[in-house]
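Here is how the chains run, residue by residue.
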Amino acid sequence: MCEILDEKKRKKDEKAREKELKKLKALEKATAKKKREELKAKQEKDGTNASQKKKSHKRDDASEVNPEEDFVDPETPLGERKRLSSQMAKQYSPAAVEKSWYAWWEKGDLFKADAKSSKPTFTMVLPPPNVTGVLHIGHALTVAIEDTIIRWKRMSGYNALWVPGTDHAGIATQTVVEKKLARDKKLTRQDLTREEFLNEVWKWKDEHSCTILTQLRRLGASLDWSRECFTMDEQTSKAVTETFVRLFKEGLIYRDIRLVHWDCHLKTAVSDDEVVYKDIEEKTLLNVPGYEKPVEFGLLTSFAYPLEGGLGEEVVVATTRVETMLGDTGIAIHPDDARYKHLHGRFAVHPFNGRRLPIICDGTLVDPDFGTGCVKITPAHDHNDCELGKRHNLEFINIFTDDGKINTNGGPDFTGMPRFAAREALVEALKKQGLYRGAENKEMRLGLCQRTGDVIEPMIKPQWYLNCRMMAKEALNVAESKKLEFIPKQYSAEWTRWLENIRDWCISRQLVWGHRIPAWYASLEEDERREFGAYNDHWIVARNEEEAWNQAAEKFGGKKFELTRDEDVLDTWFSSGIYPLSVLGWPDETTDDFKAFYPTSIIETGHDILFFWVARMVMMGIKLSSGGEVPFSKVYLHPMVRDSHGRKMSKSRGNVIDPIDVIEGATLDALIERLKNGNLDEKELETAIEELEEDFKNGIPECGVDALRFALVSYTAQSDKFNLNILRVVGYRQWCNKLWNAVRFALIRLGDGYAPPPPTMVLSPETMPFSCQWILSELNKTISKTVESLDAFDLSEAANTVYAWWQYQFCDVFIEAIKPYFANAAAAASERAHAQDALWVSLETGLRLLHPFMPFVTEELWQRLPSPMGCERKASIMICDYPSPIENWSNEKVEKEMETVLATVKCLRALRAALLGKQKNERLPAFALCEDNVTSEIVKSHELEIRTLSNLSSLEVLLKGEHAAAPAGSAVETVNENLKVYLKVDRAINTEAEQEKFRNKIAGLEKQKNKLQKIMIASGYQDKVPAHIKEDNAAKLTKILQEFDFLDKESGRLLAETGNQQDCRA
C-alpha cells in the first residue's frame, strides 16, 4: 500500500510543481499588465502620450530625468534570466524587482549542493512546516535568518546545502481533513475504512502542499529543491521504522498503561506541547467542540459524601470537575489535621453507586488549610490523584469513553451522557439527595488542545513510551563538552534544567494519518484474556509483516496465534526527531549525501521548541548514527514575534500578521474581511476589528520581501521576543528606494563607455582623491565587522553594520562628495576616472555585502552594473565571492581626517538650518578658525569636501593669532577644541537666538567645570590619583576655561555688531 501511495505522491508532486510554475508565470504577467495599465491611465490623465514625448536631455542627476518618462522591464519567460529595461525606473517597486529572479535561480541550479565537491561543507535543514499549512510571520523570520546564513556561506566558498521539507503534521492535517469530510460529504472518520480515509488525506495533501512551498519561494528561500523531502515519503518512512525497531530491541521503547492528555474530540492522546492553558479567574462560559451551548468553568463546587454507618455523618469535598466524582475511589485528609482524627481508617459511601471510599491520610497532596481540608481522589482522571492512588493502592476507574461520554462505570443514570452534560446532571442529582453544598468562583488553569480547542481530559490509556534517561545524559554531556553550542548562550542553562528532569516520552497517537507503529500483537489460542494488547510480552516489533510472522513463529514455537498490527501511529515529533538523519539517507550511511553532509552544521528554530524538537534530534542523532555524532554543532534559537503591543499573535485574538500582506500590501477593508471569515466569536471579532483599525487605519503598505526580511533579521538581537512594528518594515522599504536611486545616480556618473577595473587589478587608493580613499577604507572596516558578526551568528549586528555603511557613508557622504569630479568640466580626467573606479568598486562590493540580507534588489542592481572588460562575470551575484578585507584599502589617517571634515560639515549645516530657514539651500561663504597648524592643514587640504558637503560658496581658513577679528555678520559653532566655524549671512542675525545658544553652552560648560573641580579638590586627590589622570583632568579644565573665554568674546563681538548690550551670561 505504501509503495502505491508513494508512486501516486511522486506523480502528484510533479503535477503540483508544474501547476506552481504556471501560477508564478500568471502572477508575473498580471503584475506587468497592472503596471502598464497604471502607466497608461497616468498618461491619459496628464494628457500625454508616450509616443509623442520629446526626448529629454540627459541630466547630471538621476532625479532630474523627465518626470513623464518611466521604464518598465520587458516580459521574461519563466525560468529565464530577467530581461531588464534599458534604463532604471524612477522609483523602486518591490513587485517589479522581485519577479523572475527566483525562477531563474532555481532553474539554473544555483541553490544546488554537490556531494562530490571538494569545498568545505555547510549543511542546514529547514524546520519542516506543516505540509498543508500557510505562511505565517514565524516562517518568514525563519526564512530570513536561514537564507541569510546559507547565502553568506555559499558566497564564502562553502558547498552549502539547505534541505527543504514539509512535515505531515499528524493531528493538524487529520483535523482539517475530518472537517472537510464533515462539511462536504457529511461523513466522519469512522464512516470510512482506514485505507479510504488515508486516500482522502493524501488527496488533500497533494492539492494543498504546493501552497507553503510557493510561499517559501516567494520569500526568496534558496533551498536545494532537488533534495526536497516529506516526513512520510518512502525514505523517511523507512528511517522511522528502523528507528522504532532498533530502540525497541534495545529495550528503550516499551508499552505501558499510564495517565495521558486525552483529546475527546480527536480521540487521541496528545503531547505536552500540544496543550495550551487558559487562565480563568471566575465563572466563565466557553465554547467546547461538540457542545451546542457554552460550558461553565471557573466554579468550585462543594458536595458531601455520607460516611459509612448511617449515622448522618458526612465529609465535604470540593472540585471544579464535578463529573469526575463518578470515578472517585477515595478521600484524602492530612494525617495531622485534628478535625478529622476520628475519620482515620473509616469509609465514605458513594451516593450514586454505593462504592466504599476509604478515607486515607496523605501529607503530600493534602493542604489542611485549603478548603475543607478533605480531597476527593479520582486516580484515573487526575495527575496528582494518580500518584496518590499509586501510593495508597487505590482502585483506578475510568469513567469516560474515548469521545468523552460517561461509560458504564459511571452508573446507569449517567451512562452515555457527554461529560459536561453529566456535570450539570450531577449537580442536580446532588441537590435532590441533599448533598450539594454550593459553588463559588475559583481561579483555574484549563488545559485545551492547541489543534481543536477541546478541553483536555486526563485518561488512563495503554501507550508506547520511549525511555529517554540515558539519551538525555548523552545530550547533556555534548553540551557540557562544548560539542554543542547554543546561540544565544543563555539557553544552555535551560537545556540542562530540562534534560536533568526529563520524563519518558509517550510516542503513540490514536490517529490514522501518520507513521503506523511497526508492532503486531499476537493473540494466542491459549490466552485467557482476549482483549487486544492484554499481554505485554505478546508484542512483536518488526520492519514489515513478513518479518513479524517469522519472529512470532520463532517466539511462540508451535503455538497457534493470529497477528494484528497496532492501529496507532507515532507522534509527529518522532519522525522530526530523526530529521537530520533521514533527509540525508539514513539508515544507509554509505550514500553520497550522508557521507558529505552529515553531521549538519547548525539548526535554527524558535526557542519554544528547544526541547520538543532540538533535544530529541540531539538524543536520537547520537543514539542512532554509527559514530554517535551530534547531528549539528550549533543551535541558533530565534526570538518569538509579538504584535506591536507586545501581545502573542494568535488566531483567537485576531492579531496575526500575514507576511504576504506586508510584502504585497493590504487595505484595511481586506484585513477586516479576512477577520470576518475567521473563527472569532462576535465579541472577539469586535475587539479585533477595533485594534486593527487603530494599528492599520490606512492598511498595510506594500513593503516587498527584501524590506520584510531585513526588518526581521534586524530584530534578532532581542533573544526572547520582539514586537513587530510594520513602520520599521516600511522604513526599510523606503531605504530600498534610496539604494535604488543611489545606483541610478552611479550609472549616470559612470556613463555608457565606462570599463570597470578587472578583478585581477589591485586598486591603489593612495593615488585616489581623498573621499575615494575614505570610502574604500570605511568599506574595508565594514567588511571586517560584518564578517566578524556573521561568524558569531550575530545577524542583527551584521545587518546594521551593512545598513550604516550604505546609508551614512556611501549615500549621505560619498555620493555627494564626488559630484564635483563629474559636474566640473575642468576637473582632471584622472580624478574623474579614480572617482568612477571607487564608485563602481564600492557599489559592486557593497551589493555583494548586502546580498544575503536582501537578495532580490541586490541581484537586480548588480546585474545593471557594467562588467569589467576582458573577463567573464559570474552569472549571478549569489554565486560571487563574499567580500573580504583588502589590506591596502585601510587608512586610519584618512578616516581620522574625515571625522574632522564631517564634524565640520555637521556644524555648518546646523548653522545654515538655524540662520536660513526655508532658504537653507542658499550657498554662503564660511570661515574656519583653527587653533593650530595641524588642524589648519587638515581643513585646507579638504576644503573641496567641506564646501561640497556643506553647500558653501567659499571656505576661508583662519589660523588663530594671524587674524585680528572674526568675520563680521557671521554666526559661530564649535567643532572641537581646535576648530570653530563661522557662517556669514547677508541678512540680520537673530541676536537673541544666538545669545540663547551661547547661554546654553555656557551652562553646560559650567556643569562640566563644577563636576571636574569637585573631583580635583576632593580629599586624597593629590596623593592617591595617578599622575596621568591628574594631568588629563588639568588639561580638560584648561580647555573648558578656554571655551568659556571664547564664548565670552563671541558674545561680545555679536553684541558690538548689533548694538545690543545684553550679556550672554544674564
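Just so we're clear, the structure is a prediction, and the values are computed from it rather than from any experiment.

### Some points on the overall build of the protein
Regarding its fold elements, the protein presents 32 helices and 33 strands. Per-residue burial for the protein yields a buried fraction of 53% across its 1066 residues. For the protein, restricting intrachain contacts to residue pairs at least 6 apart in sequence, the fraction spanning at least 24 positions comes to 75%. On the protein, roughly 49,500 Å² of surface is accessible, and the fraction owed to carbon and sulfur atoms is 49%.

### A look at the pairing of strand β26 (residues 602-606)
Most of β26 sits inside the fold, with five of its five residues counted as buried. Looking at chain direction, β26 and strand β27 (residues 634-638) are connected through five bridges and run parallel. Each residue of the ladder has a partner; that of Ile603, found in β27, is Val635. What joins β26 to β27 is helix α16 (residues 610-624), and the crossover it makes is right-handed.

### Examining the pattern of salt bridges
What the rule picks out here adds up to 64 salt bridges. Two residues, Arg529 and Glu531, come together in a salt bridge whose shortest N-O distance is 3.3 Å. Assessed through its relative accessible area of 42%, Glu531 is described here as partly exposed.

### With respect to unusual backbone geometry
Along the chain, Trp586 connects to Pro587 via a cis peptide bond; the corresponding omega equals 20°. Look at the link from Tyr598 to Pro599: it is a cis peptide, with omega at 0°. A positive phi angle, close to 60°, is found at Lys267, a residue other than glycine. Relative to the helices and strands, Lys267 resides in the loop between β5 (253-263) and β6 (268-270). Even without being glycine, Asn951 reaches a positive phi, approximately 55°. Tracing the backbone shows Asn951 in the loop between α29 (943-950) and β31 (952-959).

### Focus: the nonpolar core
Residues Leu724, Trp806, Phe810 and Phe853 are the most contacted members of the largest nonpolar core, which totals 153 residues. Residues in contact with Leu724, not counting those within four places in the same chain, are Ile137, Val641, Arg642, Asp643, Ser644, Met649, Ile657, Leu712, Tyr715 and Val729. Listed in part, the 66 residues of the second largest apolar core include Leu252, Val541, Leu584 and Met620.

### Considerations on the sheet that holds β31
Spatially, four strands are ordered β31-β30-β33-β32 in an open sheet, and the strand pairing comes out mixed. Two strands in the sheet have a free side with no partner beyond their single neighbour: β31 and β32 (970-976). Along the sheet, successive strands turn relative to each other by an average axial angle of 20°, direction set aside. One ladder, built from six bridges, connects β32 with strand β33 (residues 979-984); its direction is antiparallel. Bridge assignment links Glu973 to a residue of β33, and that residue is Val981.

### Regarding a negative patch on the surface
A surface patch of like charges, here negative, comprises Asp681, Glu682, Glu684, Glu686, Glu690 and Glu693. Relative to the helices and strands, Glu686 resides in helix α19 (residues 682-695).

### Examining the sheet that holds strand β11 (residues 314-319)
Pairing is antiparallel in the open sheet, where three strands are placed in the order β11-β10-β16. Both edges of this open sheet fall to β11 and β16 (436-441), since each of them pairs with a single strand only. Between one strand axis and the next, the sheet turns by 20° as a mean value, whatever way the strands run. When strand β10 (residues 299-306) meets β11, the two strands line up antiparallel, connected through six bridges. Across the sheet, residue Ser302 finds its bridge partner in β11, namely Ala318.

### Description of the environment of Leu908
By secondary structure assignment, the location of Leu908 is in helix α27 (residues 892-916). On the basis of relative accessibility, which here comes to 1%, the residue Leu908 falls in the buried class. Between the alpha carbons of Leu908 and Asn951 there is a distance of 9.2 Å; along the sequence they are 43 residues apart. Once residues lying within four places of it in the same chain are set aside, the contact partners of Leu908 are Ala926, Ile946, Ser950, Leu952, Val981, Tyr982 and Leu983.

### With respect to helix α9 (residues 419-432)
For α9, built from 14 residues, the straight-helix expectation of 20 Å at 1.5 Å per residue is met to within 8% by its first-to-last C-alpha distance of 20 Å. For α9, the full list of buried residues reads Arg419, Phe420, Ala422, Arg423, Leu426, Val427, Ala429 and Leu430. Relative to the axis of α9, the buried residues are bounded by an arc of 165° and lie together on one face. Packed against the buried residues of α9 are β9 (295-297), β10, β16 and β18 (457-466).

### Overview of the packing of aromatic side chains
Evaluation of the coordinates by the stated rule reveals 40 aromatic pairs. When the centroid spacing of 6.2 Å and the interplanar angle of 70° are considered together, the rings of Tyr102 and Trp105 count as edge-to-face. With Tyr102 and Trp105 both in helix α3 (residues 101-107) and three residues apart, this pair spans about one turn of that helix. What makes Tyr102 buried here is its relative accessible area of 6%. Relative accessible area serves as the criterion here: at 0%, Trp105 is assigned to the buried category. Between Tyr254 and Tyr465, the aromatic rings sit 5.9 Å apart at their centres with planes inclined by 20°, giving stacked as the arrangement. Taken together, the residues Tyr254 in strand β5 and Tyr465 in strand β18 connect sequence positions 211 residues apart. Under the relative-accessibility criterion, Tyr465 is labelled buried at 4%. Ring pairing ties together the aromatic residues Phe244, Phe248, Trp464, Trp505, Tyr521, Phe532, Trp539 and Phe574, which thus form one cluster. It is Arg151 that lies over the ring of Trp105; its NZ or CZ is 4.7 Å from the centre.

### A short note on the pairing of strand β14 (residues 356-361)
Residues in a regular strand project their side chains so that they alternate between the two faces of the sheet. Examined bridge by bridge, strand β12 (residues 330-333) and β14 share three bridges and lie parallel to one another. The residue of β14 that forms the bridge with Ala332 is Ile360. Taken together, the three bridges between strand β13 (residues 347-349) and β14 define a ladder with antiparallel strand orientation. Of the residues in β14, the one forming a bridge with Ala348 is Leu357. The antiparallel pairing of β13 with β14 creates a hairpin that spans six residues between the two strands, and Gly354 there sits at a positive phi of about 75°.

### A few points about the packing of helix α7 (residues 234-249) against α16
With their axes 12 Å apart at the nearest point, α7 and α16 run at an angle of 75° to one another. One element, α7, and the other, α16, form an angle in the roughly perpendicular class. Contacts between α7 and α16 involve Thr243, Arg246 and Leu247 from the former and Met620, Lys623 and Leu624 from the latter. In the contact of α7 with α16, the residues fall into three nonpolar, one polar and two charged.

Quick notes on the rules
Residues numbered from 1 in each chain as written. Predicted model: local features only at pLDDT ≥ 70, side-chain atom pairs only at ≥ 80, totals over all residues. Heavy atoms only, no water. Helix = DSSP H or I, 4+ residues; strand = E, 2+ residues; numbered from the N terminus. Buried < 20%, exposed > 50% of the residue type's maximum accessible area, 1.4 Å probe, protein only. Contact = heavy atoms within 4.5 Å. Areas by Shrake-Rupley, 256 points an atom, 1.4 Å probe, with all protein chains shown as cover. Pairing = 2+ DSSP bridges. Right-handed = clockwise from strand over helix to strand, strands pointing away. Salt bridge = Lys/Arg side-chain N within 4 Å of Asp/Glu carboxyl O. Core = buried A, V, L, I, M, F, W, Y, C linked by side-chain atoms within 4.5 Å. Axes fitted to C-alpha atoms, helices over the stretch in contact; angles between N-to-C directions. Patch = residues over 30% accessible without salt bridge, like charges linked within 9 Å, V, L, I, M, F, W, Y side chains within 5 Å. Lys, Arg positive; Asp, Glu negative; His and termini not counted. Charge placed at Lys NZ, Arg CZ, Asp CG, Glu CD. Expected span 1.5 Å × (residues − 1). Arc of directions from axis to C-beta. Phe/Tyr/Trp six-rings, centres within 6.5 Å; stacked < 30°, edge-to-face > 60°. Lys NZ or Arg CZ within 6 Å of the ring centre and 35° of its normal. Parallel < 35°, antiparallel > 145°, perpendicular 65-115°, else oblique. Nonpolar A, V, L, I, M, F, W, Y, C, P; charged D, E, K, R; others polar.

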